[in-house]
Amino acid sequence: HPHPRQVNTPGGLMDVSPTVLEYLHIPVPPSFAGANLFDAHSKRAVYSETAYAHDAFHWAMLRRLRTRDVGNDVSYIDAPRPEIYDLRNDPGERKNVIDTQGTEARQLKSQLSALLLRSANAGAAASTDMSPASQAALRSLGYLSGGADRIMDDSGPDPKDRLPEYQSYERALEALYSDRAAAAVQGFRNLLAHDGANTLARYYLGESLLKLGQADGALREWQNAFDRDRNYEPALVAIGDLYLARKLPEKAKDALEQAAVLAPSDYEAQLQLSVAEEQLGLHQEAVRHLAAACRAVQDETKECSQQRASK
């Protein structure tokens, strides 16, 4: 085949499909936004991001734009304290040259902002063609939440300033999953003493307390997590599950109804709500929410089958 086995052109995941299709001489759908990496004339900037720190800990998002042309290979990272790296001379991105490359950094930030706005508009339009289960899955990952306002959200501390805190979180989580619940409780409490907005630390503190048999403490932490973030549906499901275990279906129903409103395609919320309603003698409501749980599974299964068939 005339194409080389390797190319040095930077690329993103969105470029994989058009590259493979053109290699196989299959027409690329016009809806594809990626580029053929075998095209030597492609000089498109490559975008990458992580929303994990933002969604999990309420820290700032990190967004990266890499541009490459003749004699130039630059990586720009948009953050509360932005970074820019000369990849030709510093491929390990060890020396931030923002102080000497301020003009180029401003140009790349402007280019990045324009790209994000186009992506937000395209993503909002594309979401109308997805099943409710797929929309819920993408929304849980942050892709459909808040549109352009969320994508351009720069709030929160710089994640690189919180690396020790993240490492402490990982150690506490490892302790929880290694059946060292007491150590996990101490670790999560230490984190929350410094950052009360760490929703995941508070949620897993509840899990750790429950493992120690301190159900009342777990309930307080989950309620606190939801009070701080009224969209944090996992806390409501945990509260509902605990009330079901305590044979308090009325309280379980209250929590699980809120969870089902926030996440209609959440299988566990719908299923557990049907269990609470059955225990309360609300048979019609229980059947309705059991059917909703089954639809959530069927929609996800159907979506997976369609994705496999299209590959």
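Small disclaimer: the values here were computed from a predicted structure and weren't measured.

Caption draft 1: Highlighting the pairing of strand 3 (residues 72–78). Counting buried residues along strand 3, six of its seven residues qualify, which places the element largely inside the surrounding structure. Sheet topology places strand 2 (residues 62–69) next to strand 3; seven bridges connect them, and they run antiparallel. Looking at the pairing, Arg63 lines up with Asp78 of strand 3. Of the pairings in the sheet, the one linking strand 3 to strand 4 (residues 83–86) comprises four bridges and is antiparallel in character. Note on strand 4: the bridge partner recorded for Val74 is Asp86. What sits between strand 3 and strand 4 in their antiparallel hairpin is a turn of four residues.

Caption draft 2: Spatial organisation of the packing of aromatic side chains. Enumeration according to the criterion identifies twelve aromatic pairs in this entry. Here Tyr166 and Tyr169 contribute two aromatic rings whose centre-to-centre distance is 6.3 Å and whose plane-to-plane angle is 35°, an arrangement assigned as tilted. Here Tyr169 and Tyr166 lie together in helix 6 (residues 163–177), a separation of three residues that amounts to about one turn. Ring geometry for Tyr203 against Tyr204: centres 5.2 Å apart, planes inclined by 85°, an arrangement best described as edge-to-face. Here the aromatic cluster, defined as three or more aromatic residues joined through ring pairs, consists of Tyr52, Phe57, Trp59, Tyr166, Tyr169, Tyr177, Phe188, Tyr203, Tyr204, Trp222 and Tyr232.

Caption draft 3: The confidence of the model for the protein chain, seen in detail. With 81% of its residues at a pLDDT of 70 or more, the protein chain has an overall mean of 84. Contacts for the low-pLDDT stretch residues 138–148, under 50 throughout, to residues beyond four places or in other chains number 16 contacts.

Caption draft 4: Quick look at the pattern of salt bridges. Within the structure shown, the criterion is met by 16 salt bridges. Between Lys160 and Asp158 there is a salt bridge, and its shortest N-O distance comes to 2.7 Å. The exposure class of Lys160 is partly exposed, given its relative accessible area of 33%. A salt bridge links Arg180 to Glu174, with the nearest nitrogen and oxygen atoms 2.6 Å apart. On the basis of relative accessibility, which here comes to 39%, the residue Arg180 falls in the partly exposed class. You can call Glu174 partly exposed: its relative accessible area is 42%. A cluster of three or more residues bridged by salt bridges with shared partners is formed by Arg63, Asp78 and Lys109.

Caption draft 5: Expanded view of the sheet that holds strand 2. Read across the sheet, four strands follow the order 1-2-3-4 without closing on themselves; strand pairing throughout is antiparallel. One side of each edge strand has no neighbouring strand; the edge strands of this open sheet are strand 1 (46–50) and strand 4. With direction set aside, neighbouring strand axes in the sheet form an average angle of 15°.

Caption draft 6: A look at the packing of helix 8 (residues 199–211) against helix 9 (residues 215–228). Between helix 8 and helix 9, the shortest axis-to-axis distance is 7 Å and the interhelical angle comes to 170°. One finds that helix 8 runs roughly antiparallel with respect to helix 9. Note on element contacts: helix 9 touches helix 8 through Ala215, Gly217, Ala218, Glu221, Trp222, Asn224, Ala225 and Arg228, opposite Arg202, Tyr203, Leu205, Gly206, Glu207, Leu209 and Leu210. Split into classes, the residues belonging to the contact of helix 8 with helix 9 amount to eight nonpolar, three polar and four charged.

Caption draft 7: Quick look at the environment of Gly196. Within the element layout of this structure, Gly196 appears in the loop between helix 7 (181–194) and helix 8. Of the residues examined, Gly196 reaches a relative accessible area of 23% and is grouped as partly exposed. Between the C-alpha atom of Gly196 and that of Ala225, which follows or precedes it by 29 residues, the distance is 9.5 Å. With near-sequence residues (within four places) excluded, Gly196 lies in contact with Arg202 and Arg228.

Caption draft 8: Geometry of helix 10 (residues 233–245). Compared with an ideal rise of 1.5 Å per residue, which puts 13 residues at 18 Å, helix 10 spans 19 Å between its outermost C-alpha atoms and is within 8% of the ideal. Within helix 10, ten of the 13 residues are buried, which leaves it mostly tucked inside the rest of the structure. Turning to helix 10, its buried residues number three or more, namely Glu233, Ala235, Leu236, Val237, Ala238, Ile239, Gly240, Leu242, Tyr243 and Leu244. Packing partners of the buried residues in helix 10 comprise helix 8, helix 9, helix 11 (249–262) and helix 12 (267–279). The first or second residue beyond helix 10 is Lys247, which carries a positive phi of 65°.

Caption draft 9: A look at unusual backbone geometry. A positive phi angle, close to 60°, is found at His25, a residue other than glycine. Inspection of the secondary structure puts His25 in the loop between helix 1 (16–23) and strand 1. Its relative accessible area of 67% is what places His25 among the exposed residues. In this structure, His58 takes a positive phi of about 65° despite not being glycine.

What counts as what
- Residues numbered from 1 in each chain as written.
- Predicted model: local features only at pLDDT ≥ 70, side-chain atom pairs only at ≥ 80, totals over all residues.
- Heavy atoms only, no water.
- Buried < 20%, exposed > 50% of the residue type's maximum accessible area, 1.4 Å probe, protein only.
- Helix = DSSP H or I, 4+ residues; strand = E, 2+ residues; numbered from the N terminus.
- Pairing = 2+ DSSP bridges.
- Phe/Tyr/Trp six-rings, centres within 6.5 Å; stacked < 30°, edge-to-face > 60°.
- pLDDT = per-residue confidence, 0-100.
- Contact = heavy atoms within 4.5 Å.
- Salt bridge = Lys/Arg side-chain N within 4 Å of Asp/Glu carboxyl O.
- Axes fitted to C-alpha atoms, helices over the stretch in contact; angles between N-to-C directions.
- Parallel < 35°, antiparallel > 145°, perpendicular 65-115°, else oblique.
- Nonpolar A, V, L, I, M, F, W, Y, C, P; charged D, E, K, R; others polar.
- Expected span 1.5 Å × (residues − 1).

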